[in-house]
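# Chain and residue survey
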Amino acid sequence: MSAEHVAARLIDDYAHGGPDIAADELWALEAHLEVCRDCRARLSAAVAARAPAVTALVDTVWTGLEPRLAATAGLPRRRRRPAWLSAWLTPTTVPWLAMVMSVTLLALLLDLAGPGTGYGSGPGEVPLLLLLAPVLPVLGVAASWSRGLDPAYELTVSTPRAGLPLVLRRTASVLAVVVPVLLAGGRLTGTTAAQWLLPCLALTSATLALGAVIGVTRAAVALVTLWAAVVLAPALATSRTPLVLHTHGLPVWGLILALATGVVIARRGAYAELGAHR
Amino acid sequence: MTDRKEHHVMSAVNAADLAPAPYAWQIRATGLKVRAGRTRMAVDGLDLSLGTGVHGLLGPNGAGKTTLIRALATVLRPAGGTLELLGESVGGQGGHRALRRRIGYLPQEFGYYKRFTVREFVEYMAWLKEVPKADVPAAVQRAIERVGLADRADTRMKALSGGMVRRAGIAQAVVNDPAVLLLDEPTAGLDPAQRVRFRKLLQELGTDTCVVVSTHLVEDVAAACTDVVLFAEGRLVFQGTPDELAAAGGPGHVGDSPLERGYSALLLTPGRTGGAW
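### Describing the overall build of chain A
Along chain A, the regular secondary structure elements total 13 helices and zero strands. Put simply, chain A runs from its N terminus to its C terminus through helices and strands in the order α-α-α-α-α-α-α-α-α-α-α-α-α. Burial status across chain A gives 42% buried among its 278 residues. Of all intrachain contacts in chain A linking residues separated by at least 6 positions in sequence, the fraction that spans at least 24 positions is 74%.

This is the structure in structure tokens:
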């Protein structure tokens, strides 16, 4: 590391206990030894060769310690939870993700059970999965960044890592779990991803954007309620694909996504304060 | 023999330790105003300077202690006045990332994940506090040993008693070796023996850290604090040593100890209105 190393004379003196090394020299020597492996090796050689008293002492301690070390069991280092997992998901998100999964599976089962047993019949029937797909990730996002659902919210929000990057990281992991399941379900029911993927992303970012103003939990509740009232209920009642899920509605969803992303970036400071956790 | 791993050797003295502090006070507030909720001004025009040592933040319930501590932890934005922490001005939109790495905070309502073990919990907090990855295991072990939970390090949090949970909370607060340590009611739920040990830990931390402890127990202040900050209705009422607080009280004031009499003497000065409690 450093070009200059300690003089052999100094190392010898140090090995003997260094009674006549000046304090400033001693300090410099020890600071150097901390960072220089070569000089530590030279010191240990010097101790072995020239300071038999020190070597004998170390050996005595070692022989006394060795049987006891062998008898002591090591720490049980059984990791219950990989560290990378808590970096991406809070423990409280996991039950919510499980709930989202079961809702998806239930919707899928109802869809596969097909006409006759379902809520509607005929060729115009809307897959329930399509109606639910855009709002399902919203629930996961709410669970990953909210005051009511995360017990350690106040601790988390006070840390340097709190803020938009952490929120986005958790949102991404929720999407990474939910979207593939929805895709697979969509294949089985014959829904194209084009119909719901953009609304899904738009609603997720809208939750975060609204969350920066009124709190993520409230934002999620508001958006899910709105979706249920404006899209879900009419679609179930009329058995027709709601207007918002037609492919020509996509530019509107794109606009919502862009606007919400803009709001999230503009209000990024809010995620590192207590308000956004409500 | 390579030099590549050399920087992992922990140095006893590093450049950051030797650098002079560019600030006079760790915490400096002038005319500080902080809102609690939408309208109520819980801290209303506070002037306060705190340096190294243990500062007991004392005041009746609802005096704004928690709001002040939250503002010091940078989770509440000041509504007015200036607040400087470690020489850096707090407020505005900034995330104070570098500043937060040097702050330790234990909230009053301290939530945790029940299924985590103590070690996992403190490790998780160390990750959130951006402790360098190579230092995490040692820092976590040190923090857990400091609060005397080493034998329970691999017990799940839900199996701990209230006092142990509080100690785990203190462990997470000190895991990043903070320069400013904020503890909101840390002695709640500790039994008398634990309280004594906790005061010792506070004194030890106070030798090189600015520790702010909010409490409503006057005896905590007497035993562990170098400095008392008496706080009521969002304003500073008194700042001084515990002895000065005791000297403020006379035999005619309410209380069982000199400190309690001083406390009630300062809070019950004429002109201050409030309920019977």
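### What about the overall build of chain B?
Along chain B, the regular secondary structure elements total ten helices and ten strands. Each of the 277 residues in chain B was classed as buried or not, and the buried ones make up 51%. Considering only contacts in chain B between residues 6 or more positions apart, those separated by 24 or more positions represent 66%. Carbon and sulfur atoms make up 53% of the accessible area of chain B, which totals about 13000 Å².

### A look at the sheet that holds strand 2 (residues 40–50) of chain B
Think of a sheet as strands paired side by side through backbone hydrogen bonds, with each pair either parallel or antiparallel. Residues and elements named next belong to chain B. An order of 2-1-4-5 is seen for the four strands of this open sheet, with the pairing classed as antiparallel. Two strands bound the open sheet, and with one partner strand each, they are strand 2 and strand 5 (88–90). Strand-to-strand twist of the sheet, defined as the mean angle between neighbouring strand axes without regard to direction, takes the value 35°. Note: strand 4 (residues 80–85) against strand 5, three bridges, orientation antiparallel. Each residue of the ladder has a partner; that of Leu-85, found in strand 5, is Glu-88. Lying over the sheet, helix 2 (residues 65–72) contacts strand 1 (27–36), strand 2 and strand 4, oriented at roughly 120° with respect to strand 1.

### Here's the deal with the confidence of the model for chain B
Residue and element names in this part refer to chain B. On average, residues of chain B score 85 in pLDDT, and 89% of them are at 70 or above. Looking over chain B, one finds the lowest element-wise mean pLDDT in helix 1 (residues 15–18), namely 70, and the highest in strand 7 (residues 180–184), namely 95. Overall, residues 1–8 carries pLDDT values under 50, and its contacts beyond four positions in sequence, including any with other chains, amount to eleven contacts. Here residues 270–277 is modelled with pLDDT under 50, and outside its nearest four sequence neighbours on either side it reaches six contacts, counting other chains as well.

### Overview of the pairing of strand 7 of chain B
All names here are of chain B. Across the five residues of strand 7, five count as buried, placing the element largely inside the fold. Here strand 7 shows two buried faces, one formed by Val-180, Leu-182 and Asp-184 and the other by Leu-181 and Leu-183. Strand direction decides the pairing type here: strand 6 (residues 103–106) and strand 7, joined by four bridges, are parallel. When the sheet's bridge partners are listed, Ile-103 is paired in strand 7 with Val-180.

### Description of the pattern of salt bridges
Following the criterion strictly, the structure yields 13 salt bridges over all chains and no others. Salt-bridge contacts for Asp-13 of chain A lead to Arg-9 of chain A; the nearest nitrogen and oxygen are separated by 3.7 Å. Linking Asp-13 of chain A with Arg-9 of chain A, this pair stays in helix 1 (residues 8–15), spanning four residues, or about one helical turn. Residue class for Asp-13 of chain A comes out partly exposed when judged on its relative accessible area of 23%. Between Asp-154 of chain B and Arg-119 of chain B there is a salt bridge; the shortest N-O distance is 3.4 Å. Remark: Arg-119 of chain B occurs in helix 4 (residues 118–128) and Asp-154 of chain B occurs in the loop between helix 5 (136–146) and helix 6 (162–174); sequence separation between them is 35 residues.

### What about the packing of helix 4 of chain B against helix 6 of chain B?
All names here are of chain B. For the pair helix 4 and helix 6, interaxial distance at closest approach is 9 Å and the crossing angle is 30°. Relative to helix 6, helix 4 is oriented roughly parallel. Helix 4 and helix 6 meet at a crossing whose hand is right-handed. Packed against helix 4, whose contacting residues are Val-118, Phe-121, Val-122 and Met-125, the element helix 6 presents Ala-168, Ala-171 and Gln-172 at the interface.

### Observations concerning the environment of Leu-181 of chain B
All names here are of chain B. Inspection of the secondary structure assignment puts Leu-181 in strand 7. Relative accessible area serves as the criterion here: at 1%, Leu-181 is assigned to the buried category. Between the alpha carbons of Leu-181 and Leu-205 there is a distance of 8.8 Å; along the sequence they are 24 residues apart. Sequence-distant contacts of Leu-181, that is, excluding residues within four places in its chain, are made with Gly-104, Ala-173, Val-174, Leu-205, Thr-209, Cys-210, Val-211 and Val-212.

### Quick word on a nonpolar patch on the surface
A cluster of nonpolar side chains, Leu-57, Val-61, Trp-62, Leu-65 and Leu-69 of chain A, forms an exposed patch at the surface whose accessible area comes to about 480 Å². With relative accessibility at 44%, the residue Trp-62 of chain A sits in the partly exposed group.

### A short note on the confidence of the model for chain A
All names here are of chain A. Averaged over every residue, the pLDDT of chain A is 83; the share at 70 or more is 90%. No element of chain A has a lower mean pLDDT than helix 5 (residues 83–88), at 78, and none a higher one than helix 13 (residues 250–266), at 92. Across residues 116–123, confidence stays below pLDDT 50; counting only partners more than four residues off in sequence or on other chains, it has ten contacts.

### Focus: helix 3 (residues 37–50) of chain A
All names here are of chain A. Between its terminal C-alpha atoms helix 3 stretches 20 Å, which fits the 20 Å expected from 14 residues at 1.5 Å a residue. Here helix 3 has its buried residues at Cys-39, Leu-43, Ala-46 and Val-47. Down the axis, helix 3 shows its buried residues gathered within 100° of arc, on one side only. In helix 3, the exposed positions that point more than 90 degrees away from the buried face belong to Ala-48 and Ala-49.

### Topic: the packing of aromatic side chains
The way to describe two aromatic rings as a pair is by their centre distance and the angle between their planes. Within the structure shown, the criterion is met by seven aromatic pairs over all chains. With centroids separated by 5.8 Å and ring planes inclined at 75°, the aromatic side chains of Phe-116 of chain B and Tyr-124 of chain B adopt a geometry described as edge-to-face. The class for Phe-116 of chain B is buried, based on a relative accessible area of 2%. Taking the relative accessible area as the measure of exposure, Tyr-124 of chain B reaches 4% and is therefore buried. Judged by centre distance (6.3 Å) and plane angle (15°), the ring pair of Tyr-124 of chain B and Trp-127 of chain B falls under stacked. Pair noted here: Tyr-124 of chain B and Trp-127 of chain B are both in helix 4, with a separation of three residues, about one helical turn. Site record: aromatic cluster; members linked through ring pairs are Tyr-113, Phe-116, Tyr-124 and Trp-127 of chain B. Note that Arg-161 of chain A overlies the ring of Trp-127 of chain B, its terminal NZ or CZ placed 4.2 Å from the centroid. When the ring centre of Tyr-112 of chain B is taken as origin, the NZ or CZ atom of Lys-114 of chain B, which lies over that ring, is 5.9 Å away.

### Looking at the environment of Tyr-113 of chain B
Locating Tyr-113 of chain B in the fold gives a position in the loop between strand 6 and helix 4. A relative accessible area of 3% means that Tyr-113 of chain B is categorised as buried. As for Tyr-113 of chain B and Lys-158 of chain B, which are separated by 45 residues in sequence, their C-alpha atoms are 8.2 Å apart. Excluding its chain neighbours within four sequence positions, the residues that come into contact with Tyr-113 of chain B are Thr-90, Pro-91, Thr-92, Asp-150, Pro-151, Ala-152 and Thr-156 of chain A together with Tyr-124 and Met-157 of chain B.

Criteria and thresholds
Residues numbered from 1 in each chain as written. Chains lettered and ligands numbered in written order. Predicted model: local features only at pLDDT ≥ 70, side-chain atom pairs only at ≥ 80, totals over all residues. Heavy atoms only, no water. Helix = DSSP H or I, 4+ residues; strand = E, 2+ residues; numbered from the N terminus. Buried < 20%, exposed > 50% of the residue type's maximum accessible area, 1.4 Å probe, protein only. Contact = heavy atoms within 4.5 Å. Areas by Shrake-Rupley, 256 points an atom, 1.4 Å probe, with all protein chains shown as cover. Pairing = 2+ DSSP bridges. Axes fitted to C-alpha atoms, helices over the stretch in contact; angles between N-to-C directions. pLDDT = per-residue confidence, 0-100. Salt bridge = Lys/Arg side-chain N within 4 Å of Asp/Glu carboxyl O. Parallel < 35°, antiparallel > 145°, perpendicular 65-115°, else oblique. Left-handed = near helix turned anticlockwise from the far one by under 90°. Patch = residues over 30% accessible without salt bridge, like charges linked within 9 Å, V, L, I, M, F, W, Y side chains within 5 Å. Expected span 1.5 Å × (residues − 1). Arc of directions from axis to C-beta. Phe/Tyr/Trp six-rings, centres within 6.5 Å; stacked < 30°, edge-to-face > 60°. Lys NZ or Arg CZ within 6 Å of the ring centre and 35° of its normal.

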